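In case you want the letters, here they are:
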Amino acid sequence: MIAAPTPVFLEDLPLDQAQHAPMFTMSKERGFLPREDPLAELPAQFAGLESLLRRMTIKQPDGSQGLLALGTFGETVKKELGQEMTDRVMAAIQSKDEALISALFRDYCFLTSAYLLEPVDYSFRKTGVYGTGRNVLPYHVAVPLNALAEHLGHYPYMEYASSYALVNFRRVNSGGCAPGKLGDLKTWETDNLRIIRAFEDHDGSEAGFILVHISMVAYTGMLVTAAEKVLDGAVATDRAAFNAGLKELNDVYTKINEVMDTMWGWSRPIDYLKFRSFIFGTGPKKLNSMFPEGVLYEGVSDEPMSFRGESGANDSIVPLGDNLLQITAHLPKNALADILRDFRKYRPSAQRDYVEGLEHRAVNADIAAFAEKDPESLALYICNVDQIRDIRERHWRFTKEYIIKRTDHPIATGGSPILEYLPQNLTVVLDVLSAACDKLPSSSDLSDKALAHKVEEIRARAVLQKKLLGEEVERLKAQVQGKDDKLREKTSA
């Protein structure tokens with residue numbers, strides 16, 4: 001047995017403790033969302049910071065050009081941010097106002113990425129080639145950012161959950177939802193959401209890119225609840241409860257996949273490169289041509305530091321399924337698997353602890369083995385693994401259409417090798433899927449004929465998709481040598 005502490009959810013805490021808990025405390029109501037909707041505007045004492053962030057965006061609401069479009073953001077940061085603002089951030093940390101601290105961390109992450117990557121993006125927009133970023137982060141950005149990160153347990157750099165996406169939205173109509181509650185799921189539909197900070201455009205494809213993820217994560221309270229039911233059923237050897245949990249899990253993943261598929265309409269592939277520059281990281285060191293030696297944080301460290309960039313791979317939706325269904329156990333021991341493990345560090349500590357604990361609890365309950373002891377359980381297990389395949393396969397399609405088709409830059413925003421990382425993860429899922437299908441030689445004995453038909457569809461698709469994936473990756477590697485990051489003009493014009 002592996003030591004795995006029982007998770008503590010927001011709902012388990014006394015009211016006074018819950019009201020002062022970290023914003024990303026795990027919740028069965030809101031799942032991986034923050035426990036409250038984020039601050040959309042900073043308090044008056046941070047008006048200078050608020051103004052700077054609004055003027056930063058390339059396309060301004062009135063159609064004019066923002067500081068990043070003009071290439072003047074860096075000099076403006078140095079001119080406008082001083083000790084007074086740093087002191088106000090330190091005072092906010094001392095106040096333990098978690099909503100404000102979370103919003104400030106988001107905003108200093110945006111400041112940091114915009115400052116460091118402004119030359120990279122400016123070069124890309126002018127020449128189609130990513131340039132070199134700034135390698136020193138000024139004291140009055142680095143020190144407050146690092147203090148906020150230490151308080152929250154984050155890296156001092158932009159992350160998917162804690163800055164770019166999950167604290168970067170507001171609901172137009174919250175439906176009268178009380179703090180700490182999810183409210184009506186209709187209020188989480190993408191057309192009812194707006195982003196707070198933007199690099200390129202508050203109303204365009206960057207907004208769609210972020211907000212579709214918010215709409216997906218709105219279902220994670222139900223996802224966590226279903227996962228806990230699956231575990232409880234296995235631990236209690238309660239077959240009916242286990243199967244009911246698997247059915248519920250499959251239903252939630254189905255809905256998440258449906259929302260994910262709306263990305264094509266909300267964020268145009270041709271627009272992605274307009275804001276992608278700003279979500280790159282400063283690592284991996286030596287391999288990242290933008291920051292070959294990392295970045296020196298003035299007042300924080302005497303040595304340069306490197307961090308991975310923002311990536312949807314930092315979301316916890318897939319890791320939950322990977323760990324619960326014991327897919328993670330089948331990862332090969334290689335550098336690509338190490339990257340996947342490293343990605344999982346770039347998320348709020350409560351999510352890290354929950355997802356890691358879930359892996360150990362699933363091993364202790366031996367979820368896969370328990371499923372294999374009953375044909376219906378195994379069929380439902382297969383359906384859930386197929387949901388993970390669906391997410392990973394769509395992510396791969398996004399990558400081909402939004403990125404590979406349009407640029408030869410060899411690494412993704414998170415620092416992974418773009419033609420190797422996602423295909424390996426998808427291959428692992430396909431292998432687990434095929435192995436599970438082999439343990440259910442025939443679905444004809446299943447009483448649920450719709451389920452039986454679904455399993456046969458999954459079985460056939462897994463074999464074909466693995467064959468086609470291998471051929472496709474080899475073809476793409478031959479086309480994209482990964483030595484030149486020049487924009488592919490012919491496909492993005």
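Presented here is an overview of the structure given in this document.

What counts as what
- Residues numbered from 1 in each chain as written.
- Predicted model: local features only at pLDDT ≥ 70, side-chain atom pairs only at ≥ 80, totals over all residues.
- Heavy atoms only, no water.
- Phe/Tyr/Trp six-rings, centres within 6.5 Å; stacked < 30°, edge-to-face > 60°.
- Helix = DSSP H or I, 4+ residues; strand = E, 2+ residues; numbered from the N terminus.
- Buried < 20%, exposed > 50% of the residue type's maximum accessible area, 1.4 Å probe, protein only.
- Lys NZ or Arg CZ within 6 Å of the ring centre and 35° of its normal.
- Salt bridge = Lys/Arg side-chain N within 4 Å of Asp/Glu carboxyl O.

## So, the packing of aromatic side chains
Part 1: A full pass over the atoms with the stated rule returns 21 aromatic pairs.
Part 2: Judged by centre distance (5.6 Å) and plane angle (45°), the rings of Tyr155 and Phe307 are tilted. On the criterion of sequence distance, the pair formed by Tyr155 in the loop between α7 (139-152) and α8 (160-164) and Phe307 in the loop between β4 (296-297) and α14 (317-324) is long-range, its members being 152 residues apart.
Part 3: The exposure class assigned to Tyr155 is partly exposed, which follows from its relative accessible area of 27%.
Part 4: With a centroid separation of 6.3 Å and 15° between ring planes, the pair formed by Tyr157 and Phe307 is classed as stacked. Separated by 150 residues along the polypeptide, Tyr157 in the loop between α7 and α8 and Phe307 in the loop between β4 and α14 bring together distant segments of the chain.
Part 5: According to the relative accessible area criterion, Tyr157 is buried, its value standing at 1%.
Part 6: A relative accessible area of 8% places Phe307 in the buried class.
Part 7: One aromatic cluster is present, formed by Phe209, Trp264, Tyr272, Phe275, Phe398 and Tyr402 through successive ring pairs.
Part 8: If you follow Arg134 out to its NZ or CZ, it ends over the ring of Tyr115, 4.7 Å from the centre.

## Concerning the pattern of salt bridges
Part 1: Scanning the entire structure with this criterion turns up 37 salt bridges.
Part 2: Between Asp431 and Lys466 there is a salt bridge; the shortest N-O distance is 2.6 Å. Remark: Lys466 occurs in helix α20 (residues 449-479) and Asp431 occurs in helix α19 (residues 421-438); sequence separation between them is 35 residues.
Part 3: Using a relative accessible area of 35% as the deciding quantity, one classes Asp431 as partly exposed.
Part 4: Among the residues examined, Lys466 registers a relative accessible area of 37% and is labelled partly exposed.
Part 5: Close ionic contact of Glu471 with Lys467 constitutes a salt bridge, the shortest N to O distance being 2.9 Å. Taken together, the residues span about one helical turn, with Glu471 and Lys467 both in helix α20 at a distance of four residues.

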